[in-house]
Amino acid sequence: MSENLSPIDTAKFVAAKRACEFVESGMRVGLGTGSTAAWLVRCLGEMVREDGLEIVGVPTSTRTAELARDVGIKVVSLDEAKWLDVTIDGTDEFDAELNLIKGGGGALLQEKIVATASDRMIVIADKTKQVETLGGFPLPVEVVPFGWQTTKALIEETLSSLEVLGDSSSLRMNGDAAYVTDEGNYILDLHLGRIGNARQFGMVINQIPGVVENGLFIDICDVVVIGHGDGRVEVKDITAGTTEQEVIEFLDTENLFSDMAE
Ligand code: 5RP
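Bear in mind that the values here come from a model prediction, so they are computed numbers and not experimental data.

**Topic: the environment of Val141**
Argument step 1. Locating Val141 in the fold gives a position in strand E8 (residues 139–143).
Argument step 2. Each C-alpha atom of the pair Val141 and Leu216 lies 9.0 Å from the other, and the pair is 75 residues apart in sequence.
Argument step 3. The contact partners of Val141, leaving out residues within four places of it in the chain, are Ile155, Tyr186, Ile187, Leu188, Leu190, Ile205, Val211, Glu213 and Asn214.

**Re the pattern of salt bridges**
Argument step 1. Within this structure, the stated rule accounts for twelve salt bridges.
Argument step 2. Linking Arg120 and Asp237 is a salt bridge whose minimum nitrogen-to-oxygen distance equals 3.3 Å. A residue pair is termed long-range when its members are at least 10 positions apart, and Arg120 in strand E7 (residues 118–126) and Asp237 in strand E16 (residues 232–237) qualify at 117 residues.
Argument step 3. Given the relative accessible area of 14%, Asp237 is considered buried.
Argument step 4. Salt bridges here are not isolated pairs; linked through shared partners, they connect Arg18, Glu21 and Glu246.

**Observations concerning the site of the ligand**
Argument step 1. Of all residues adjacent to the ligand, which total 16 residues, the nearest are Ser35, Thr36, Asp92, Gly103 and Lys129.
Argument step 2. One nitrogen or oxygen atom from the main chain of Gly106 is found 3.4 Å from an oxygen atom belonging to the ligand.
Argument step 3. Contact between the ligand and Lys129: an oxygen atom at 2.7 Å from a side-chain N or O atom of the residue.
Argument step 4. When the free accessible area of the ligand is taken as 380 Å², the share hidden by the protein chains comes to 90%.
Argument step 5. Along the lines of polarity and charge, the residues of the shell around the ligand split into one nonpolar, ten polar and five charged.

**Remarks on the domain arrangement of the chain**
Argument step 1. Along its sequence, the chain is organised into domain 1 (7–130 + 219–257) and domain 2 (139–213).
Argument step 2. Distance between the C-alpha centres of domain 1 and domain 2: 26 Å.
Argument step 3. With 14 residues of domain 1 in contact, the opposing surface of domain 2 contributes 14 residues.
Argument step 4. Where domain 1 abuts domain 2, roughly 1,100 Å² becomes buried across the two surfaces, and 52% of that area is made up of carbon and sulfur atoms.
Argument step 5. At the junction of domain 1 with domain 2, the criterion picks out two salt bridges.
Argument step 6. A salt bridge links Asp219 to Arg199; the nearest nitrogen and oxygen atoms lie 2.7 Å apart.
Argument step 7. Counting every contact that joins domain 1 to domain 2 gives seven residue pairs in polar contact (both at pLDDT 80 or more).
Argument step 8. Of all the secondary-structure elements, those providing two or more residues to the side of domain 1 that touches domain 2 are helix H3 (62–71) and helix H5 (108–116).
Argument step 9. Looking at the side of domain 1 that touches domain 2 element by element, the count peaks at four residues for H5.
Argument step 10. Per-class residue counts for the side of domain 1 that touches domain 2 are three nonpolar, seven polar and four charged.

Analysis parameters
Residues numbered from 1 in each chain as written. Predicted model: local features only at pLDDT ≥ 70, side-chain atom pairs only at ≥ 80, totals over all residues. Heavy atoms only, no water. Helix = DSSP H or I, 4+ residues; strand = E, 2+ residues; numbered from the N terminus. Contact = heavy atoms within 4.5 Å. Salt bridge = Lys/Arg side-chain N within 4 Å of Asp/Glu carboxyl O. Buried < 20%, exposed > 50% of the residue type's maximum accessible area, 1.4 Å probe, protein only. Near = heavy atom within 4 Å. Polar contact = N/O pair within 3.5 Å; in protein donor to acceptor, adjacent residues only side chain to side chain. Areas by Shrake-Rupley, 256 points an atom, 1.4 Å probe, with all protein chains shown as cover. Nonpolar A, V, L, I, M, F, W, Y, C, P; charged D, E, K, R; others polar. Domains from an automatic or database assignment. Buried area = accessible area lost by both parts, 1.4 Å probe.

Now the structure itself:
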């Protein structure tokens, strides 16, 4: 085990490393966004460079595209790939049914489109992302900039009719300006505390004009790989109904991952 990594980075790394086992030569692979997904892209890049793995990657953000190219993965657009064998991505929360809250990194729209266009979605996460009920993490909702304050007010009004604890939302900022997604939209973070019926919630919110998409991923994730700080991983497959445990051995990641920025 490397002594260079903190327990949380070890957890993310071993989850990513184990998830690479789902990837085979010839596959079209959706590449997620965020710090955990960045470990995955690095690991896949190493397999491309060192082991001759032949894949094409469809990134879910401009920053993932840049990283993928940097590590040697051939990048294509979703329209070029059309359909993907697998997408591997991080998450902000997952529950026992493998429903997710995503979008903490601001890439939920592309992430949802790419994951939905895949035979399988594998989520990689450290143990802290596991929750009993979704909603503790503020739910990101992507909205068009036009009339965003009206959209925000409509969303907050709608919250009173839904099974949630909180009813406030905030515009995501990037310094003094609104955060702008890769699609040129804004993000409202909904402070809900608890979402009683996530399926219903996602459908109702998406009906509001101005809402582009929300960060609830319902029935999209097939497998979650949960990493631990001591190198253990759990692989939970919702379709097979199985949970397997193993330990990922690795010696030294210094050369590979020393310039990880996220
Ligand atoms: C980006 C996402 C990320 O997958 C999510 O925020 C988790 O990020 P991290 O792995 O850095 O904790 O949804 O939009």
